[in-house]
Amino acid sequence: MKNEKGSLMRPDALPASASRPVVTPLSPSVVYASDTPDMLDQQYEGGLQGYTYSREGHPNADVVAGRLDRMEGAPHPGVMTSSGMAAVSAVLLGLTSTGDHVIGGNQLYGRSLRMMSEDLPRLGVSTSMVDPGDIGAMRAAIRPETRMILVEVVSNPTLRVADIRALAALARETGVLLVVDNTFTTPRAFRPFEHGADVVLHSVTKLLAGHSDVMLGYVTARDEALNDRLRVFTVTAGMSPSPFDCWLAERGMLSFELRYDRAEATAAILADHLSGLKGVTRVLYPGRADHPDRALLDDLMQGRFCNMVSFEIDGGRAQANAFTRAADGLSFAPTLGDVGTTISHPASSSHRALTSAARHALGMSEGFFRISVGLEDPEALCGVFTGAVAAAMAV
Ligand SMILES: *Cc1c(COP(=O)(O)O)cnc(C)c1O
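Below you will find a few notes about this structure. (Residues numbered from 1 in each chain as written. Predicted model: local features only at pLDDT ≥ 70, side-chain atom pairs only at ≥ 80, totals over all residues. Heavy atoms only, no water.)

1. Overview of the layout of surface pockets
Going by this rule: For each structure, a 1 Å grid was placed over the protein atoms alone; sets of points admitting a 1.4 Å probe that cannot get out are labelled cavities, open sets with protein on both sides within 12 Å along at least five of seven lines are labelled pockets, and lining residues have an atom within 4 Å of a point. Grid points are joined across faces, edges and corners, and a volume is the space filled by probe spheres set on the points. Runs of H or I in DSSP of at least four residues are treated as helices and runs of E of at least two as strands, each being numbered from the N terminus. For this scheme, ten residues count as nonpolar: Ala, Val, Leu, Ile, Met, Phe, Trp, Tyr, Cys and Pro. Four count as charged, namely Asp, Glu, Lys and Arg, and the remainder, Gly too, count as polar. For the domains described, the bounds stem from an automatic or database domain assignment.
Roughly 720 Å³ of volume is contained in the largest pocket. In terms of lining residues, the largest pocket is bounded by 24 residues, among which G110, R111, L113, S350 and H351 are the most central. Per-element accounting of the lining of the largest pocket gives the leading share, five residues, to helix α4 (residues 110-122). For the lining of the largest pocket, the class distribution of residues is nine nonpolar, ten polar and five charged. Looking at the lining of the largest pocket, you find at least three residues from each of domain 1 (37-253) and domain 2 (256-393). By volume, the second largest pocket is sized at about 490 Å³. In terms of lining residues, the second largest pocket is bounded by 15 residues, among which Q43, Q49, G50, E56 and R231 are the most central. Class assignment for the residues of the lining of the second largest pocket results in five nonpolar, six polar and four charged.

Structure (structure tokens):
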């Protein structure tokens with residue numbers, strides 16, 4: 001097909017097709033052309049649905065957001081962001097003002113903690129970090145100017161569980177927003193809106209996209225005005241995601257439920273296997289009978305757990321080095337939710353800024369590891385751990 005206006009830069013129309021693609025087309029266009037100023041007016045005023053500029057929204061973001069909205073039971077269309085931290089930042093910066101106070105769980109994702117300890121105070125927003133499992137301490141931390149409580153459902157890397165229902169009741173009673181980072185649990189295991197959360201956010205980078213090739217976030221609020229505010233703030237602050245990342249995330253999410261179920265089942269097998277190995281001093285897994293939050297887990301997650309297992313081997317840094325060296329075929333990498341099993345060592349990564357005493361108080365010795373279980377054959381995976389723990393004990 002020859003472009004009649006050959007020297008002009010407008011693309012040719014796509015060839016007509018009576019049938020439709022079965023895969024969402026990738027739409028990298030940054031700008032969208034309207035016919036007239038009247039039409040553009042109507043688009044901006046909401047009378048006509050149409051894209052204008054991709055920072056403001058694009059089809060690939062809306063398709064992924066729609067999928068996440070259904071999974072979370074979100075009452076309004078959620079907002080895709082360029083990373084999980086952009087979603088966290090949109091909430092912390094877009095919904096607070098100078099003079100406000102924010103309470104965060106004391107075991108939040110490292111960068112979320114940093115935003116709370118470094119950036120919010122610089123902008124005149126005071127912060128407190130509180131154990132989300134201690135409702136009494138949470139209540140005591142609330143002040144008249146408290147705007148929100150930000151928690152994760154399962155803490156990293158100690159896998160303790162926050163009583164979201166009690167926190168939601170406390171938040172409602174005191175007029176504070178409850179914000180839940182649902183990255184670890186995902187809507188497969190836990191749907192925060194059903195338990196009273198006001199805002200739900202995700203690092204889609206992790207289990208949802210699932211292949212360690214996309215950086216993406218999602219955030220949505222129960223209240224329509226707050227949800228609109230989050231959208232406007234992310235557009236103004238330039239936190240919008242790339243169409244390609246949204247397209248890849250959609251592709252990954254088509255297999256999300258299958259991946260989650262498989263990884264969760266293998267995590268339970270691995271946790272039991274680890275607990276029987278000589279040299280393993282502690283195993284933490286939400287699916288185990290000995291988990292300290294057993295009753296809360298049964299109540300909130302109704303038989304679902306997660307793909308994360310934490311455990312401790314006897315010894316110090318030398319044993320830890322020997323363990324990762326011998327864990328052949330697994331990535332020693334500070335992430336989670338990949339198709340492959342990844343191992344992280346909090347003492348040298350996520351919690352390296354803490355003093356050794358502070359780490360020990362949280363139960364994170366040099367022998368402490370967090371595993372994000374992937375899709376490997378469970379028996380083969382257990383074999384790798386058997387070998388690696390034995391190698392560490394031989395040091
Ligand atoms: C990874 C992570 C984030 C940040 O997400 P990015 O996509 O890496 O920016 C936030 N919260 C939790 C719980 C995470 O695991």
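Alright, that's what it looks like, and here's the rest.
2. Details of the site of the ligand
Selection criterion: The rule for a residue being near a molecule or strand is that one of its heavy atoms must lie within 4 Å of it. Polar contacts here mean pairs of N or O atoms no more than 3.5 Å apart (in protein, one a potential hydrogen donor and the other a potential acceptor; neighbouring residues in sequence count only if both atoms are side-chain atoms). For the area figures, the Shrake-Rupley method with a 1.4 Å probe applies, and any residue is considered shielded solely by the protein chains shown.
Taken together, 13 residues surround the ligand, and among them G84, D181, S203, T205 and K206 come closest. D181 has a polar side-chain atom sitting 2.7 Å from a nitrogen atom of the ligand. Contact distances for the ligand include 2.6 Å between an oxygen atom and a side-chain N or O atom of T205. When the ligand sits alone it has 380 Å² of accessible area, and the protein chains cover 95% of it. When grouped by side-chain class, the residues that make up the shell around the ligand number five nonpolar, five polar and three charged.

3. Structural notes on the environment of P121
Rule in force here: Each residue is assigned to one of three classes by its accessible area relative to the maximum for its type, calculated with a 1.4 Å probe on protein chains only: buried under 20%, partly exposed between the two thresholds, exposed over 50%. Should any heavy atoms of two residues lie within 4.5 Å, those residues are considered in contact.
Looking at the secondary structure, you find P121 in helix α4. Given a relative accessible area of 39%, P121 falls into the partly exposed group. When the C-alpha atoms of P121 and V179 are compared, they prove to be 19 Å apart, with 58 residues separating the residues in sequence. Residues within four places of P121 in sequence aside, it is in contact with M115, M116 and T127.

4. What to know about the packing of aromatic side chains
Which entries qualify depends on this criterion: What counts as a ring pair is set by centres within 6.5 Å for rings of Phe, Tyr and Trp (its six-membered ring), and what kind of pair is set by the plane angle: stacked under 30 degrees, edge-to-face over 60, tilted for all other angles.
By the definition in use, this model includes nine aromatic pairs. Between the aromatic rings of Y32 and Y51, the centroid separation amounts to 5.5 Å while the plane-to-plane angle is 45°, which identifies the pairing as tilted. Here the residue Y32 occupies a position in the segment before α1 (37-45), and Y51 occupies one in the loop between α1 and α2 (59-72), the gap between them amounting to 19 residues. Among the residues examined, Y51 registers a relative accessible area of 23% and is labelled partly exposed.

5. Observations concerning the pattern of salt bridges
To keep it simple, the criterion reads: When a carboxyl oxygen of Asp or Glu is within 4 Å of a side-chain nitrogen of Lys or Arg, the pair counts as a salt bridge.
One pass over the structure, following the stated rule, counts 14 salt bridges. Linking R139 and E173 is a salt bridge whose minimum nitrogen-to-oxygen distance equals 2.9 Å. Of this pair, R139 sits in helix α5 (residues 135-141) while E173 is found in helix α6 (residues 164-174), placing the two residues 34 residues apart along the sequence. The class of R139 is partly exposed, set by a relative accessible area of 41%. You can call E173 exposed: its relative accessible area is 54%. The network of salt bridges with shared partners includes R188, D261, E264 and R304.

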